[in-house]
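Next come the chains, spelled out residue by residue.
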Amino acid sequence: MENFLVGRGEALMERTRVNDTRRRIRQWVTGPLRTPLLAISYALIFTVSSLVALSIRFDLRIPPEFLERWIVSIPWVLALKLVILAVCGQFRSLLTFFSFPDAKMVFAGLGGAAVVQLAVWFVVKGEGMIPRGTIVVDFTLSFLGVCGLRILMKLLRDRFFAPRRAATQAKRVAILGAGEAGAALAREIQNKPGLGLDVVCFFDDDAAKSGRTLHSVPVVGNFGDMLPAMSRLGIAKAILAMPGASPAVLAGIVADLNAAGIEHDILPSVNCILSRKFSVERLRHVAPEDLLGRLPVVLDEDSIGLLVAGARVLVTGAGGSIGRELCRQIAARNPEMLVLLERAEPALFDVEQEILRDFPLLSLEAVAGSVCNEQQLESVFSTFSPTIVFHAAAHKHVPMMERQPGEAVWNNTLGTLFCGRAAQKHGCRRFVLVSTDKAVDPRNAMGASKRLAELVLSELQQLDDDSTVFCSVRFGNVLDSSGSVVPVFRRQIAAGGPVTVTHPDVERYFMSIPEAVGLILQSATFAQSADTFVLNMGQPVRIEQLARQMIQLQGFEPGKDIEIVYTGLRPGEKLREIPIHPAERVVPVSHPKIHRILQSRNHPVIEELEAMRWRLHYMSPKETLAWIERTLRVGALASTENLPAAEFGVGLT
């Protein structure tokens, strides 16, 4: 044991000495000697390239006369090239980072030096100078030499100066997917030994790739054979690099890796497909959205750009899940101004700081306030004059609003009325309400308050004569939004369970937050008078199945490691939501994931809301629910000529 400890101590001291040496070399090279060393390196490259070019011109037998000419001319040629490279910023740039823009600058600088040399040659008619062809070849060799030096310095940074872990400490990694994403990921890991990862093998279901190598790493087999091979090779971590893989394939692979106890990460498929950036920094754990089969949304960027670019945009509820993503996507499309309205000060501060960090040149205003404060709304609209409003502020927690239906109507319905009126008064071009599928066949206070908000906008549109275009966008649940089931399940799993599901048959529609917001923006480009849009949510997902998948993603077995407990439907909760009511007529628009609901006659509700606004806080929940039901039942009769109100599905009490 003593010998073992002594040996480990000596090895540790040796690694420390090596790291100290590397650190001293780096400080020396990057300190005061940086510019002189770089100038000497460039001068050496230019001297060798010029001499090689001359040798090529005379088949390696340079006549003494031309050798003398070269000796006389090389000092001013070197000075010319070094001065031009300095003007192009090549002595100030970070040498260990080299990209296409850097190469263009080097090309332009050395090309300019070659042009000057050729001009001098023609002025003196070649007297005392090397041949013209040699100047062109010298330019090519000099360019390749400088680029080669920069690439070499990048490799030295990654391989020599980067922090290293001992080979025995490096985690042995298998990459699943030997395509473009897997190849780029392997190359990045190989170039960054400080990550402590060692790519040992690839797995891919393409039989033609089996037995081949990629970046000197073997493709050892397909996914069906991976577990025995991983055990044999001592794989500690698997990385799924298959942007185009189906959810079924991913789910099967994740289940196998969990059963074998192998750590695994994934490259986010949507990001990879859209940006083609396959980097280690993008790795994350497999998430429920990876297994739901949501394909990337293709948007008409031109039409969204025409809507948002140069506009003054107000986002209410800017600190919420949808509001925050609206701010991100709008800020990326060059509005003239972005105004954030949010009554939760910490959430407002967070989103303000994020937008300022990512878009420092954007004109941004953050206002702490509520859409239910009419005087403050008047101040916001008169001060900032927004031309587009995305109204995302809302209470959305169904059981909580069922206990406080007056608050649901006050915030969701009257807040929409106050905000819509202010938009009308100040000449706003477009007002977009973020609605919900719970507004269809409303059986709870939250959904009913949103349905009333849709009716409010329809009535405001009739009063406005289309100077302000109002529209609503309905969709279902969004993954990982605040208060949604995914973060609740995640917390329950982290605590060791149980995971609570209200009913084994309950189903919901799901989409990702970026997808939903992208389609909200796209819907706004189609908006006409009082339109209601419905997003195509795909197939509904059983909440019980979602819970099981999340438990399995964490490496546990449902029912054995973590229990699933059924608690019964909560107040106001339905087994299934429907995105479109049978009484509503739907027509498609030019985007396949958006549908427009044709307008019908609607019963006015604003006068009744105004009469009730000060009573909402004093009425009992039962009285409030009864009033909401009566109001919606009258509206249902007005909007459906022959459909009985009971068949329309209004039933809150």
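Keep in mind the model is a prediction, meaning the values are calculated, not measured. (Residues numbered from 1 in each chain as written. Predicted model: local features only at pLDDT ≥ 70, side-chain atom pairs only at ≥ 80, totals over all residues. Heavy atoms only, no water.)

Draft legend 1. Quick peek at the sheet that holds strand S12 (residues 469-474). If you walk across this open sheet you meet the 9 strands as S9-S8-S7-S10-S11-S12-S17-S21-S20, and the pairing is mixed. Two strands bound the open sheet, and with one partner strand each, they are strand S9 (364-368) and strand S20 (586-588). Averaged over all pairs of adjacent strands, the angle between strand axes in this sheet comes to 20°, irrespective of strand direction. Pairing between S20 and strand S21 (residues 594-597): 3 bridges, direction antiparallel. Pairing of Pro-588 across the sheet is with His-595, part of S21. Set on the sheet, helix H13 (residues 374-384) makes contact with strand S7 (312-316), strand S8 (337-342), S9 and strand S10 (388-391); between it and S9 the angle comes to about 170°. Helix H15 (residues 405-425) rests against S7, S10, strand S11 (430-434) and S12 of the sheet, and its axis sits at about 165° to S11. (Pairing = 2+ DSSP bridges. Helix = DSSP H or I, 4+ residues; strand = E, 2+ residues; numbered from the N terminus. Axes fitted to C-alpha atoms, helices over the stretch in contact; angles between N-to-C directions. Contact = heavy atoms within 4.5 Å.)

Draft legend 2. Seen up close, the packing of aromatic side chains. The full count for this structure, using the stated rule, is 8 aromatic pairs. A centroid spacing of 4.9 Å and a plane angle of 40° characterise the contact between Phe-58 and Phe-66, whose relative ring orientation is tilted. Positioned above the aromatic ring of Phe-58, the side-chain terminus of Arg-57 is 4.8 Å from the ring centre. It is Arg-69 that lies over the ring of Phe-66; its NZ or CZ is 4.8 Å from the centre. (Phe/Tyr/Trp six-rings, centres within 6.5 Å; stacked < 30°, edge-to-face > 60°. Lys NZ or Arg CZ within 6 Å of the ring centre and 35° of its normal.)

Draft legend 3. Region of interest: the pattern of salt bridges. Using the criterion set out here, one finds 24 salt bridges in the structure. The partner of Glu-354 in a salt bridge is Arg-324, and the shortest N-O contact between them spans 3.8 Å. Taken together, the residues Glu-354 in helix H12 (residues 345-358) and Arg-324 in helix H11 (residues 321-331) connect sequence positions 30 residues apart. Each member of the pair, Glu-354 as well as Arg-324, carries the same accessibility label: buried. Look at the salt bridges and you will find they share partners, linking Lys-171, Lys-237, Glu-263 and Asp-265 into a network. (Salt bridge = Lys/Arg side-chain N within 4 Å of Asp/Glu carboxyl O. Buried < 20%, exposed > 50% of the residue type's maximum accessible area, 1.4 Å probe, protein only.)

Draft legend 4. Summary view of the side chain of Arg-333. Note on placement: Arg-333 falls in the loop between H11 and S8. Taking relative accessible area as the criterion, Arg-333 reaches 13% and is therefore assigned buried. At 2.9 Å, the side chain of Arg-333 and the side chain of Glu-301 are in polar contact. With residues near it in sequence (within four places) discarded, Arg-333 still touches Leu-299, Glu-301, Ile-304, Val-308, Ala-309 and Leu-521. (Polar contact = N/O pair within 3.5 Å; in protein donor to acceptor, adjacent residues only side chain to side chain.)

Draft legend 5. Layout of helix H10 (residues 301-308). When we look at burial in H10, the residues that qualify are Ser-303, Ile-304, Leu-307 and Val-308. One side of H10 carries all its buried residues, which in axial view fall inside an arc of 120°. Among the exposed residues of H10, those oriented more than 90 degrees off its buried face are Asp-302 and Leu-306. Directly after H10, the chain includes Gly-310, whose backbone phi takes a positive value near 80°. (Arc of directions from axis to C-beta.)

Draft legend 6. Summary view of the packing of H11 against helix H18 (residues 513-526). Where H11 contacts H18, the two axes come as close as 9 Å, and the packing angle between them is 65°. For the pair H11 and H18, the sense of crossing is right-handed. The segment H11 lies against H18, with Ser-321, Ile-322, Glu-325, Leu-326, Gln-329 and Ile-330 engaging Ile-513, Pro-514, Ala-516, Val-517, Gly-518, Ile-520 and Leu-521. (Left-handed = near helix turned anticlockwise from the far one by under 90°.)

Draft legend 7. Structural view of the confidence of the model for the protein. In the predicted model, the protein carries a mean pLDDT of 79, and the fraction of residues at 70 or more is 81%. Contacts from residues 270-279, a stretch scored under 50 in pLDDT, to residues over four places away or in other chains number 23 contacts. (pLDDT = per-residue confidence, 0-100.)

Draft legend 8. Up close: the sheet that holds strand S4 (residues 217-221). If you walk across this open sheet you meet the 6 strands as S3-S4-S2-S1-S5-S6, and the pairing is mixed. Looking at strand neighbours, the two that pair on one side only are strand S3 (213-214) and strand S6 (263-266), the edges of this open sheet. Bridge count for strand S2 (residues 197-203) against S4 is 2 bridges, and the pairing is parallel. Within S4, the position partnered with Phe-202 by the bridge is Val-219.

Draft legend 9. Representation of the environment of Met-446 within the structure. With respect to the helices and strands, Met-446 occurs in helix H16 (residues 445-464). When the C-alpha positions of Met-446 and Pro-405 are compared, they lie 7.4 Å apart, and in sequence the two are 41 residues distant. The contacts of Met-446, once residues within four sequence positions are left out, are His-395, Lys-396, Val-398, Met-401, Asn-412, Thr-436 and Lys-438.

Draft legend 10. Fine view of the environment of Leu-240. Note on placement: Leu-240 falls in strand S5 (residues 237-240). Of the residues examined, Leu-240 reaches a relative accessible area of 1% and is grouped as buried. The sequence separation of Leu-240 and Ile-253 amounts to 13 residues, and the corresponding C-alpha distance is 8.9 Å. In this view, Leu-240 contacts Leu-176, Leu-250, Ile-253, Val-254, Leu-257, His-264, Asp-265, Ile-266 and Leu-267; residues no more than four positions away in its chain are not counted.

Draft legend 11. Representation of the environment of Phe-203 in the model. Tracing the backbone shows Phe-203 in strand S2. Classification of Phe-203 by relative accessible area gives buried; the value is 0%. Counting along the chain gives 25 residues from Phe-203 to Ala-178, while the straight-line C-alpha distance between them is 6.6 Å.

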